[in-house]
Amino acid sequence: MRFVLAIVSFVIGLLLVGLAVGQRTVFAPPASLVAQSTSKAEVPVTVIPGSTLNANPGYQRINVSGSGDVFAAYGRTSDVQAWIGDAKHTTLRFDAEQDRLVGKTTGSARSVPDPSGSDLWYQEWQGAGQFTVRLPSDVSVVILGDGSSAAPTDVSVTWPRDTATPSVGPLLVGGGLFLVGGLALLVWAFLHQRRGRGPRRRSGGSRPPRVRASRRAAAAGAQVPRPSRRGRRPFLVVPIVLVGALSLAGCSSDYWPQGGGAATPTPSASATAATAAAPTAASKQQISRIVERVADVAAKADAAKDASMLESRFTGAALDLRKANYAIRAKDDKAEAPPAISAKEVCVALPQQTDTWPRTVFTVVAEDCQAKTAPQALTLVQASARDDYKVAYDVSLEAAAQIPSLAPTSVGAARLAGDTKLLRIAPDEIAKAYGDVLAKDSESDSASLFESEGDGLRSTIGKAYKDKKAEGLPDTAKIEYSSEVPDDSAIAIATDGAGALVSADLDEIEKVTPTAAGAEVNTQGAVQALSGVNSSTKGISATYSVQLLFSVPPVGSDDKVVLLGFTQGLTAASEVQ
């Protein structure tokens, strides 16, 4: 009976271990879920929303194939939708019943611009292939051809599946216990059988003399045979199987039931605040990439003196200054090129807090943020979703300039209206007020608003400079100064403490005219190169554009407006009409 119980225990143990191993091999669930697109609509854009990508847990492996051009990128869902606009596109959703991607086509326009290099994308890929991401629900993937041809329709998304087998551990342990129990029963059965074969008394006759086996062997000239150990080897199989089973059972948490489930984390205050805040115009990674593209365009245009190359990345005062510089250098080899824009380090990145257009980004760039060399402050503007960010202001910061405390890049800051009443002086009025200070210095009504200490522009083109230049003219000529402010050119972005960084544009105009009959006004240098006039009896007018960056305190503050940096140069010159 003991042998029967041992055999039964062994059989049960082997069955349990075999079932456990089978769950990890033959009966193992598939390691991934692949959803193939069933849409064959010939449209220029295919979109995989974040909700579709997160229809199943885990990372998302996206496979795109097709003939011709293939482009894929991902960005914030609202940005992707804005970039697509009214273009005809297919939106894919996950059908859980069929494990398929089902498409819905909307829109009317048959083409979109070339998507490559758009500032909206967080990342992009060229060519067919496979890429793995783990995107949140507010980020979508966009797939295109070249914008005018049909987007690839051979699209699939793969998610990892939960391959945990929580019954494997208990089965292995249970099987191991049955194997141990069978071994114990087998040993017990052998011991009981041996005890049952003990010496018995014979019934009659005298017992023959007992001769020791060693003596008989010696007498026979033979060696004493030792007991065979072969009978013990089968018993080694059971410990080996048992150790292997228990080792397999303890090597992964996937083999055991997980009780209670994972606790749901409570959102922290910072996480809640970040979620509640409005989205930012761009991330730190996007801003760094935008600056690299701007610097590349500027370097190529500066070297070639090609103004047409600038228009893709410059606008407003920054564009006008470089265009004029190219025209001057084309005729005057001694004229200096504009300061190169460095993309080596982004020291400050402050995007506007918005999900609409136009959008603004303020950034400070330098070769080395820790060096004492003056960095550059760029104010970039994106007019629409399909436009690139363009430099509206390129300002060289003063060596001692102190940028006020700013919000983190991930939070961003609000762009303030030009006529806001929240600042000590409205952004639209600051350039005009500062121009009056440059003309009159302390006699200006606005002098008390601005900090004079450390203001390098006053010594460069301020009242003292203007008076000295006027005194240096002959009696046969006179000079008149005036200033103009382009409409709606100021850009203000909020800082911590309710203040603002204000970028503004000011045109300083010098008009030199003769005062005597027959007298002439001679030109030289940049004015001569840009105007194309060597001398004139009518006079010469020269316009110097000044790009300004101010730190403006909030309304009610006793602090003064501080000039953080400036860039100025000749932008126009002509004979007086």
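See the structure printed just above.
What you are looking at is a predicted structure, and each value in this text was computed from that prediction instead of being measured.

**Digging into the sheet that holds strand β10 (residues 154–160)**
Within a sheet, neighbouring strands are paired by backbone hydrogen bonds and run either parallel or antiparallel to one another. Strand order in the open sheet made by the 10 strands is β7-β4-β9-β2-β5-β6-β1-β10-β3-β8, with mixed pairing throughout. In this open sheet, the two strands that pair with only one neighbour each are β7 (123–126) and β8 (129–133). The sheet shows a mean angle of 25° between the axes of neighbouring strands, taken without regard to direction. As judged from the two bridges shared by strand β1 (residues 32–37) and strand β6 (residues 100–106), these two strands associate in the parallel manner. Its bridge partner lying in β6, Q36 is registered against R100. Packed onto the sheet, helix α3 (residues 77–84) meets β2 (45–48), β4 (71–76), β5 (89–95) and β9 (139–144) and runs at close to 125° relative to β4.

**Observations regarding the state of the cysteines**
One pass over the structure, following the stated rule, counts one disulfide. With a sulfur-sulfur separation of 2.0 Å, C347 is cross-linked through a disulfide to C369. Its S-S torsion of about -95° marks the bond between C347 and C369 as left-handed, since a negative value means left-handed. With C347 in strand β11 (residues 345–351) and C369 in the loop between β12 (359–366) and β13 (376–382), this residue pair connects regions lying 22 residues apart in the sequence. Exposure remark for C347: the relative accessible area of 31% places this residue in the partly exposed category. When its relative accessible area of 27% is taken as the criterion, C369 is described as partly exposed.

**Remarks on the pairing of strand β14 (residues 390–397)**
Counting buried positions along β14 gives six out of eight residues, so the element sits mostly inside the fold. Strand direction decides the pairing type here: β13 and β14, joined by six bridges, are antiparallel. Within β14, the position partnered with L378 by the bridge is D394. Here β14 pairs with strand β22 (residues 562–575) via two bridges, running antiparallel.

**Re the pattern of salt bridges**
With the rule as written, the count across this model stands at 15 salt bridges. Between D296 and K300 there is a salt bridge; the shortest N-O distance is 3.4 Å. In this pair, D296 and K300 both sit in helix α8 (residues 284–304), four residues apart, roughly one turn of the helix. By relative accessible area, D296 is classed as partly exposed at 39%. When its relative accessible area of 47% is taken as the criterion, K300 is described as partly exposed. We note a salt bridge from E510 to K469, for which the minimum N-O separation is 2.7 Å. Residue E510 is located in strand β18 (residues 500–514), and its partner K469 is located in helix α13 (residues 463–471); the two are separated by 41 residues in the primary sequence. On the basis of relative accessible area, E510 is assigned to the buried category, the value being 9%. One connected set of salt bridges, linked through shared partners, spans D119, R293, R313 and D388.

Parameters at a glance
Residues numbered from 1 in each chain as written. Predicted model: local features only at pLDDT ≥ 70, side-chain atom pairs only at ≥ 80, totals over all residues. Heavy atoms only, no water. Pairing = 2+ DSSP bridges. Helix = DSSP H or I, 4+ residues; strand = E, 2+ residues; numbered from the N terminus. Axes fitted to C-alpha atoms, helices over the stretch in contact; angles between N-to-C directions. Contact = heavy atoms within 4.5 Å. Disulfide = S-S within 2.5 Å. Buried < 20%, exposed > 50% of the residue type's maximum accessible area, 1.4 Å probe, protein only. Salt bridge = Lys/Arg side-chain N within 4 Å of Asp/Glu carboxyl O.

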